[in-house]
Amino acid sequence: MKSHQLIHHLITLVGQLEQDNNGNEVSIQEFAGYLLKQAGPQIAGTESTEIRFGGNEPLAQQIAYQLDNNIGRLFVFMSRYAKIYIKKALDDTLLQTAEDFTALTILLTHNHLSKTELINHNLQEKTSGTEVIRRLVAAGLVKQWDNPHDKRGRQIAITDAGKELLSRVFIDMSFAGKIIAGQLTLPEKLSLLHLLQKLENFHRQHHQNKTIQTKADLKTVAAQLADK
């Protein structure tokens, strides 16, 4: 059976690792790292069956399947799937987009924020963020008033109607979240959560410090990562 061949291969790898460690017993953590090291080159060079790609331009497809590019491509797909599910969860509500929902949720956890603070927290460009706030105010889900300390800025806060709406939307959003996580097991979800949080910490730092503003910045940061 194929599973027996796999077990035999794993035993062989354990023996190789013990030899590398001068015969010392190895831990599961050490073996996991060793296994990833052995499988890494094969995984990185593996092209999955991408139903969206045709048979042309093999060089372009090879570039698309480079490890980092492949991760980025799949992130884009996952975000689009998530938006589809979230939009379904928002049907028959005053919220139109995922950004509307996240903006209102952020406001729920604050007494009030400036418009700029909310837009930054919601990871949006100023124009699209301002449009989200406009929709929420027009729907009566958010209120706004002049900032007594800054005549150029306005403060915003969630209304009781906004709170009531979120209490209903959270139920349907939990269904969307369940589907987004798909068929991952609990250990897989915890592992993915750990990795995504690590990526979030990295990207949030660059976002807050505005270190990637131009194409040249992309090249600089990518070069720094390549050195690690």
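Treat the numbers as computed from the prediction; the structure is a model and nothing was measured.

## Some words on the sheet that holds strand β2 (residues 142-147)
Strands sit in the order β1-β3-β2 across an open sheet of 3 strands; the sheet is antiparallel. Both outer strands of the open sheet, β1 (113-114) and β2, are each paired with one neighbouring strand and no more. As judged from the 6 bridges shared by β2 and strand β3 (residues 150-158), these two strands associate in the antiparallel manner. Its bridge partner lying in β3, V142 is registered against I158.

## So, helix α9 (residues 186-209)
The terminal C-alpha atoms of α9, which comprises 24 residues, lie 34 Å apart, in line with the 34 Å expected from a rise of 1.5 Å per residue. Looking one or two places after α9, you find K210, whose phi comes out positive at around 55°.

## Re the nonpolar core
Membership of the largest hydrophobic core comes to 25 residues, with the highest contact counts inside it found for L95, L104 and L118. Within the residue set of this core, elements represented by two or more residues are α4 (67-89), α5 (98-108), α6 (115-121), α7 (126-138), β3 and α8 (160-180). Top element by residues in this core is α5. It accounts for 6 residues. With sequence-adjacent residues up to four places away left out, L118 is seen in contact with A103, I106, L107, L113, I133 and I156. Counting 5 residues, the second-largest nonpolar core is a separate cluster that includes L17, V26, F31 and Y34.

## Let's talk about the pattern of salt bridges
In the structure shown here, the tally under the stated rule is 7 salt bridges. The shortest N-O distance in the salt bridge between R135 and D100 comes to 2.6 Å. Of the two residues, R135 is situated in helix α7 and D100 in helix α5; the sequence distance between them amounts to 35 residues. Residues R154 and D146 are paired through a salt bridge, measuring 3.2 Å at the closest nitrogen-oxygen approach. The partly exposed category is assigned to R154, whose relative accessible area is 32%. A residue is classified by how much of its surface remains accessible, and D146, at 54% relative accessible area, is exposed. Each member of the salt-bridge network shares a partner with another, and the members are D100, E131, R134 and R135.

Thresholds, definitions, all that
Residues numbered from 1 in each chain as written. Predicted model: local features only at pLDDT ≥ 70, side-chain atom pairs only at ≥ 80, totals over all residues. Heavy atoms only, no water. Pairing = 2+ DSSP bridges. Helix = DSSP H or I, 4+ residues; strand = E, 2+ residues; numbered from the N terminus. Expected span 1.5 Å × (residues − 1). Core = buried A, V, L, I, M, F, W, Y, C linked by side-chain atoms within 4.5 Å. Buried < 20%, exposed > 50% of the residue type's maximum accessible area, 1.4 Å probe, protein only. Contact = heavy atoms within 4.5 Å. Salt bridge = Lys/Arg side-chain N within 4 Å of Asp/Glu carboxyl O.

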